[in-house]
Amino acid sequence: MSKTAEVKFEGKSYELPVIEGTEKEIGINIGSLRSESGLITLDPGFKNTGSTKSAITYLDGEKGILRYRGYSIEELADKSTFLEVSYLLIFGHLPSESELSDFQNQIKVHTLVHEDIKKILEGFPSNSHPMGVLSSLVTSLTAFYPESLDPNRSSERVNLSIIRILAKMPTFAAWAYKNEVGHPVNYPDNNLDYCSNFLKMMFALPAEKYDVDPVISSALNKLLILHADHEQNCSTSTVRVVGSSQASLYASISAGINALWGPLHGGANSAVIEMLENIKKDGGDTKKWMAKAKDKNDPFRLMGFGHRVYKNFDPRARIIKKAADDVLDKLGVDDPVLDIAKGLEQVALNDEYFVERKLYPNVDFYSGIIYRALGIPVDMFTVMFALGRLPGWIAQWKEMRENNEPIGRPRQIYVGENLRPYVDLKKR
Ligand code: CMC
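Residues numbered from 1 in each chain as written. Predicted model: local features only at pLDDT ≥ 70, side-chain atom pairs only at ≥ 80, totals over all residues. Heavy atoms only, no water.

1. Notes on the overall build of the chain
Part 1: Counting its secondary structure elements, the chain contains 18 helices and six strands.
Part 2: Expressed along its principal axes, the backbone C-alpha trace of the chain runs to roughly 80 × 65 × 60 Å.
Part 3: Counting every position in the chain, which comprises 428 residues, the buried fraction comes to 47%.
Part 4: For the chain, contacts bridging at least 24 residues in sequence account for 72% of all contacts bridging at least 6.
Part 5: Surface accessibility of the chain: about 21900 Å² in total, with carbon and sulfur atoms responsible for 52%.
Part 6: Averaging the locations of the 51 positively and 55 negatively charged side chains of the chain gives two centres separated by 5 Å. (Helix = DSSP H or I, 4+ residues; strand = E, 2+ residues; numbered from the N terminus. Buried < 20%, exposed > 50% of the residue type's maximum accessible area, 1.4 Å probe, protein only. Contact = heavy atoms within 4.5 Å. Areas by Shrake-Rupley, 256 points an atom, 1.4 Å probe, with all protein chains shown as cover. Lys, Arg positive; Asp, Glu negative; His and termini not counted. Charge placed at Lys NZ, Arg CZ, Asp CG, Glu CD.)

2. Details of unusual backbone geometry
Part 1: Positive phi outside glycine occurs at phenylalanine 46, with the angle close to 50°.
Part 2: You can see phenylalanine 46 is positioned in the loop between α1 (33–37) and β4 (57–60).
Part 3: Phenylalanine 46 sits in the exposed class, given a relative accessible area of 56%.
Part 4: One non-glycine residue, arginine 69, lies in the positive phi region at around 50°.

3. What to know about the sheet that holds strand β3 (residues 26–28)
Part 1: Pairing within the open sheet is antiparallel, and its three strands lie in the order β1-β2-β3. Unpaired on one side and paired on the other, β1 (4–9) and β3 mark the two borders of the sheet. Across the sheet, the mean angle from the axis of one strand to that of its neighbour is 30°, orientation sign disregarded.
Part 2: With six bridges connecting them, β1 and strand β2 (residues 12–20) associate as antiparallel partners. Across the sheet, the residue bridging to phenylalanine 9 is lysine 12, located in β2. (Pairing = 2+ DSSP bridges. Axes fitted to C-alpha atoms, helices over the stretch in contact; angles between N-to-C directions.)

4. Some remarks on the packing of helix α15 (residues 336–349) against helix α17 (residues 363–373)
Part 1: With their axes 11 Å apart at the nearest point, α15 and α17 run at an angle of 170° to one another. Taken together, the axes of α15 and α17 are roughly antiparallel relative to one another. On α17, the residues touching Val337, Leu338, Ala341, Lys342, Leu344 and Glu345 of α15 are Phe365, Tyr366, Ile369 and Arg372. (Parallel < 35°, antiparallel > 145°, perpendicular 65-115°, else oblique.)

5. Here's the deal with the site of the ligand
Part 1: Taken together, 21 residues surround the ligand, and among them His265, Arg301, Leu302, Gly304 and Arg308 come closest.
Part 2: Here an oxygen atom of the ligand sits 2.8 Å away from a polar atom, N or O, in the side chain of arginine 301.
Part 3: For the ligand, the protein covers 79% of the area, taking 940 Å² as the surface of the free molecule.
Part 4: Split into classes, the residues belonging to the shell around the ligand amount to nine nonpolar, six polar and six charged. (Near = heavy atom within 4 Å. Polar contact = N/O pair within 3.5 Å; in protein donor to acceptor, adjacent residues only side chain to side chain. Nonpolar A, V, L, I, M, F, W, Y, C, P; charged D, E, K, R; others polar.)

6. Some words on the nonpolar core
Part 1: The biggest cluster of nonpolar side chains holds 112 residues, and the ones touching the most others in it are Tyr68, Phe198 and Leu302.
Part 2: Of all the elements, helix α7 (residues 155–181) adds the most residues to this core, at 13 residues.
Part 3: Among all residues touching tyrosine 68, those that are not within four sequence positions of it are Ile56, Thr57, Ile73, Leu76, Val85, Leu88, Leu89, Ile225, Leu226, His227, Ala228 and Asp229. (Core = buried A, V, L, I, M, F, W, Y, C linked by side-chain atoms within 4.5 Å.)

7. Some words on the packing of α7 against helix α8 (residues 194–203)
Part 1: The N-to-C vectors of α7 and α8 enclose an angle of 25°; their axes lie 8 Å apart at closest approach. Here α7 is positioned roughly parallel relative to α8, judged by the angle of their axes. Here the hand of the crossing between α7 and α8 comes out right-handed. Of α8, the residues touching α7 (which contributes Leu166, Pro170, Thr171, Ala173, Ala174, Tyr177 and Lys178) are Tyr194, Phe198, Met201, Met202 and Phe203.
Part 2: Its residues assigned to classes, the contact of α7 with α8 comprises 10 nonpolar, one polar and one charged. (Left-handed = near helix turned anticlockwise from the far one by under 90°.)

8. Notes on α15
Part 1: With 14 residues, α15 ought to run about 20 Å at 1.5 Å a step, and its terminal C-alpha atoms sit 20 Å apart, in line with that.
Part 2: Here α15 has its buried residues at Val337, Leu338, Ile340, Ala341, Leu344, Glu345 and Ala348. When α15 is viewed along its axis, its buried side chains cluster within an angular range of 160° and face the same direction.
Part 3: Where α15 is buried, its residues touch α12 (268–281), α13 (286–294), α14 (315–331), α16 (352–356) and α17. (Expected span 1.5 Å × (residues − 1). Arc of directions from axis to C-beta.)

9. Considering the pattern of salt bridges
As a working rule, side chains carrying opposite charge can pair if their charged atoms are close by.
Part 1: Tallied over the full model, the rule gives 27 salt bridges.
Part 2: Notably, a salt bridge pairs glutamate 115 with lysine 118, separated by 3.5 Å at the nearest N-O pair.
Part 3: Residue glutamate 356 is joined to arginine 357 by a salt bridge in which the shortest nitrogen-to-oxygen separation is 3.7 Å.
Part 4: A residue is classified by how much of its surface remains accessible, and glutamate 356, at 57% relative accessible area, is exposed.
Part 5: A cluster of three or more residues bridged by salt bridges with shared partners is formed by Glu277, Lys280, Asp335 and Arg372. (Salt bridge = Lys/Arg side-chain N within 4 Å of Asp/Glu carboxyl O.)

10. Digging into the environment of serine 237
Part 1: Examined against the element boundaries, serine 237 turns out to sit in helix α10 (residues 234–244).
Part 2: For serine 237, a relative accessible area of 23% gives the class partly exposed.
Part 3: Along the chain, serine 237 and serine 252 lie 15 residues apart, while their C-alpha atoms are 10 Å from each other.

11. Focus on the pairing of β2
Part 1: Taken together, β1 and the strand that follows it, β2, pair antiparallel across an intervening segment of two residues, in which glutamate 10 is found at a positive phi of about 45°.
Part 2: Two strands pair when backbone bridges link them, and β2 and β3 are joined in this way by three bridges, in the antiparallel orientation. Looking across to β3, one finds that isoleucine 19 is bridged to glycine 27.
Part 3: What sits between the antiparallel neighbours β2 and β3 is a turn of five residues, in which lysine 24 has the positive phi angle 70°.

Functional significance is not addressed by these values, which are geometric in nature.
Structure representation (structure tokens):
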């Protein structure tokens, strides 16, 4: 028998259906609540609100579980490649050998961007933040591929838009960096795999030979897999809401990039390094900074700590912490900031304030340290997150379209003035 929940209000009771997911998650379907009772639900920050039913990513914040399409993040980070994971997220199954090679080849065909995009890039001042440049270049694709504007086109057309953005995003990301440092851009090298091609476009200098270090390329592959999806977070919800108005894939992804930018979301990875650097400059007294983080009159928060859904540990942080040790060891990098990070983690894990509030290191706490070791500049950290999150955004946008979901339009409880007469300017 299907389960129901009861809401009682002003002597009347309303029976609402309870939905159960494949992992036994339960939710009350309040779709009929307002029309029957006049009530809406109020949940700032959507802390307890499910916005959709999704078959892409499963996350259990209490147990620290993260799975893409049923496969554990630990296994995928260990055995898979970023493009295979992208295929899995977007199309729902692990690709066969021929599906994977076809997918990789299609992406290689589209890595080049229209030469006119260079003119748009040149219009940005050379110290522009690469996140702003990236979101603008992604939006600019709507001008070069106007057929992408209609998300209701055939699935072949939609798939072509998907391939194009997957192929061009590393080019945009590397070019946004080149613009920031004022260097000439590099064109894609389709003899290389996805991560190696990106690294070459980022780091190769004119008239200098550049060989991609396989340690760096494989660390990047792991980082991108770990970031590839995270169900209904701020940027993904943005992508779905923007796409729900039937805006194009490129417009929706561009909005997601902007949502990711903030320091409470993807911007945390660069904020972590800035914070660790400040602690180092200040003499490395982690206890002093902990006290600041706990002081409610001080806006400072310990960046890289806490998560909306993970309340015991972030499984991605565990994988990254180990990967950071491996990468630093293999590259022979001795980073004093890593010692500060480890010290801070130890203090926080034993501090009553952090323990009580279940604040643990999140994915961004250690990812910045690896990016630094790989030679990626701090401003580019959030761009790296965007590169990783791209297949997740695409998969969520595609699912939302295929489920024919209604336009996203929350309600509110109005707390402003009641009706009052207009007052003439001279009488105010
Ligand atoms: N440092 C100090 N106090 C904190 C922190 C922190 N990093 N995070 C949360 N708190 C406190 C907060 O002040 C509040 O205390 P109280 O109950 O006394 O008012 C309590 O913990 C709950 O915090 P919240 O802001 O209600 O929690 P949230 O679920 O709304 O926010 C968060 C989650 C990630 C925005 C927050 O923990 C935070 O700001 N962390 C630092 C930024 C960060 O690392 N963000 C990256 C998240 S992981 C990457 C991603 O997926 O985007």
